[in-house]
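Tertiary structure, described
Given next are the chains, with one letter for each unit.
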Amino acid sequence: MEQLLPPPIVYAAECSQRPPREIEQKYFSRGLLANIGTRSPEEQSAFLWSRLIIKSAPYQFWPSDPPELVYDDIYADSFEIKGATFKFCSVSWKENWVTVALSTMPINVCIEKFDWTKSDKERARQKYETAFNYWIDRQPDPDLAFYQLYTAKQCLMKRRNPTVKIVIEDDELAVVGATVAIREDLQFWRTPEWICAVQGPAITAMLSEIRTPKKTLGLLDGTYVDKGE
């Protein structure tokens, strides 16, 4: 049955520049803009672009008749969506990048940049179990292994389910414990600048896209033309 589920899609977008003011006024309420006003400018920009990406998704997949997405437009990093095939959303932000994951099943995403200092990594590793530290050290690329473990752990923190755990199987990271009926999966997507972990049940495949502001806004106002990108 798992193969019948459409794969989740994960967007990554550069969010250093806040959306134009007229776009904010068109797509967001005054109350929402006021509520996020206490956040840092970088965090506000990431939040707004993440919501614009979510709003644009129906125009990408159902351009002739995009469904209206319904969700609580509050400051949250994981929430449910009604009105489309995708029912769950997870958002993660790190400095000038934001990721948005949409899925038919619960999903969690975490993005982290490859910019930790050696001392930062050493402090983080002091909290890891011995087995995980041994696993990191014996990998061909211990630095990459560290970031994989860190982002995977962050994803599970969002699950808020102590029965779901990260384990090492066949010398690879795996997730177990939620239910025997549906397999838990863990996927990674990376660029030279960052790594993104995606965790949830039945992630047998995953779509990913680097989303530009031009495409997001073009999908929303109907000016975007698919050129096979």
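Report follows, based on the coordinates.

Conventions adopted
- Residues numbered from 1 in each chain as written.
- Predicted model: local features only at pLDDT ≥ 70, side-chain atom pairs only at ≥ 80, totals over all residues.
- Heavy atoms only, no water.
- Helix = DSSP H or I, 4+ residues; strand = E, 2+ residues; numbered from the N terminus.
- Rg over C-alpha atoms; globule rule 2.2 N^0.38 Å.
- Buried < 20%, exposed > 50% of the residue type's maximum accessible area, 1.4 Å probe, protein only.
- Contact = heavy atoms within 4.5 Å.
- Areas by Shrake-Rupley, 256 points an atom, 1.4 Å probe, with all protein chains shown as cover.
- Lys, Arg positive; Asp, Glu negative; His and termini not counted.
- Charge placed at Lys NZ, Arg CZ, Asp CG, Glu CD.
- Pairing = 2+ DSSP bridges.
- Axes fitted to C-alpha atoms, helices over the stretch in contact; angles between N-to-C directions.

Our focus in this paragraph is the overall build of the chain. Each helix and strand counted, the chain has seven helices and 10 strands in total. Relative to the compact-globule value of 17 Å for 229 residues, the chain shows a C-alpha radius of gyration of 18 Å, a close match. Projected onto the principal axes, the alpha-carbon positions of the chain cover approximately 50 × 45 × 35 Å. Here the chain holds 229 residues, and the buried ones make up 46% of them. The contacts in the chain between residues at least 6 apart in sequence include a share of 56% that link residues at least 24 apart. By element, 52% of the accessible surface of the chain is carried by carbon and sulfur atoms, the whole surface being about 12400 Å². Within the chain, one finds 28 positive and 32 negative side-chain charges whose respective centroids are separated by 4 Å.

Another point: the sheet that holds strand β5 (residues 108–113). One open sheet accounts for three strands, arranged β5-β9-β8; its pairing is antiparallel. Only two strands of the sheet have a single partner each, and these edge strands are β5 and β8 (184–190). Here the strands of the sheet are splayed against their neighbours by 15° on average, with no regard to which way each runs. Alignment of β5 against strand β9 (residues 194–201), held across six bridges, turns out to be antiparallel. Residue pairing in the sheet places Cys-110 in a bridge with Ala-197 of β9. Along the sheet, helix α6 (residues 142–159) makes contact with β5, β8 and β9, crossing β9 at roughly 45°.

Pairing in this open sheet of five strands is mixed, and the strands run β2-β3-β4-β1-β10 from one edge to the other. Taken across any chain shown, the strands that pair with only one partner, and hence form the sheet edges, are β2 (78–80) and β10 (207–210). Strand-to-strand twist of the sheet, defined as the mean angle between neighbouring strand axes without regard to direction, takes the value 15°. The pairing of β2 with strand β3 (residues 88–94) spans three bridges and is antiparallel. Within the sheet, the bridge partner assigned to Glu-80 lies in β3 and is Phe-88.

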